[in-house]
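Letter by letter, the chains look like this.
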Amino acid sequence: CPCYVRLAKEADSPAIVQFVQTILLHHEPLVRSLHVCRSSASESGLADYIRVLLPDSFTLLAVNPVQPERIVGVAIGRRSCHWDGKRLIERADRTRCDQLRKLLYIWSIVEAEPNLHQHFCTRCLFEIAFLATAIDAQRRGIGLHLTQRSVALARDLGFHFVRMNCTCEYSSRVATKAGLECHWTVPYHHLVDSTEQPVALPDPPHTHIKVHAMALFPDAVH
């Protein structure tokens, strides 16, 4: 991996928010399909959501070794609880921007529908909530390296299970390479509004949402 990885510090928060927000708004297929970047309210709302996650997250940064202050990748890890889907719905209900509201509703479905907590009989999992790589640093294995390091971090922290919600095909491929199995998937055209029209249709190959997960201590799972 052409970078070194370190844990984020509190002082890194503004740069992390800006980095993840920029990648999501302009390059993440689902976010682009919903045209979130067309609204300044959506941009600020998305930044606020990321900002709220960071204080309690386990965030890893991939940093350019030549330019130590330049972030080239971010993996935001967090504790995933069974009520997170409900919290996203509540946040969506408080959101005035239509594009961002739709995004939060889709995220709430992805959090809740797989029922991973019930499947693994656990109260909480480690979730790789956001994985983002700088556009000019992609196809160099940085995303895979961050995912693998996040899995190792989850194990070191004592989590027994890890999950990764993949709204694009590329992140799903990374999750698979890192050893996470696909436990749940839904085609985008199945997510419809009240008029039975698809809420979002990202361009191929991003045709499905997939949720990957794995047991970190498989010998202990019965």
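Parameters at a glance
- Residues numbered from 1 in each chain as written.
- Predicted model: local features only at pLDDT ≥ 70, side-chain atom pairs only at ≥ 80, totals over all residues.
- Heavy atoms only, no water.
- Helix = DSSP H or I, 4+ residues; strand = E, 2+ residues; numbered from the N terminus.
- Buried < 20%, exposed > 50% of the residue type's maximum accessible area, 1.4 Å probe, protein only.
- Contact = heavy atoms within 4.5 Å.
- Pairing = 2+ DSSP bridges.
- Core = buried A, V, L, I, M, F, W, Y, C linked by side-chain atoms within 4.5 Å.

1. Points about the environment of Ala 134
Link 1 in the chain: Relative to the assigned elements, Ala 134 resides in the loop between β4 (124–133) and α7 (142–156).
Link 2 in the chain: Its relative accessible area of 6% is what places Ala 134 among the buried residues.
Link 3 in the chain: Each C-alpha atom, one on Ala 134 and one on Leu 30, is 18 Å from the other, the two residues being 104 residues apart in sequence.
Link 4 in the chain: If we ignore the near neighbours within four places in the chain, the residues touching Ala 134 are Phe 19, Ile 23, Arg 70 and Val 72.

2. Comments concerning the side chain of Thr 147
Link 1 in the chain: Mapping Thr 147 onto the fold places it in helix α7.
Link 2 in the chain: On the basis of relative accessible area, Thr 147 is assigned to the buried category, the value being 0%.
Link 3 in the chain: For Thr 147, the contacting residues outside a window of four places in its chain are Ile 128, Leu 131, Met 164, Val 174 and Ala 178.

3. Some words on the pairing of strand β2 (residues 58–63)
In summary, the side chains of a regular strand alternate between the two faces of the sheet.
Link 1 in the chain: Within β2, five of the six residues are buried, which leaves it mostly tucked inside the rest of the structure.
Link 2 in the chain: When strand β1 (residues 4–7) meets β2, the two strands line up antiparallel, connected through four bridges. Residue pairing for β2: Arg 6 is matched across the bridge by Leu 61.
Link 3 in the chain: Summarising the sheet, β2 and strand β3 (residues 71–81) pair through six bridges and their orientation is antiparallel. Note that in β3 the partner of Thr 59 across the bridge is Ile 76.

4. Observations concerning the nonpolar core
Link 1 in the chain: Formed by 58 residues in total, the largest nonpolar core has its most connected members in Val 20, Leu 103, Trp 107 and Phe 130.
Link 2 in the chain: Ranked by the residues each element gives to this core, the list is headed by helix α1 (residues 13–27), at seven residues.
Link 3 in the chain: If near-sequence neighbours (up to four positions away) are discounted, Leu 103 is found in contact with Leu 30, Val 31, Leu 34, Val 36 and Leu 46.
Link 4 in the chain: The next biggest cluster of nonpolar side chains, apart from the first, holds 13 residues, and it includes Ile 128, Val 151, Ala 175 and Met 214.

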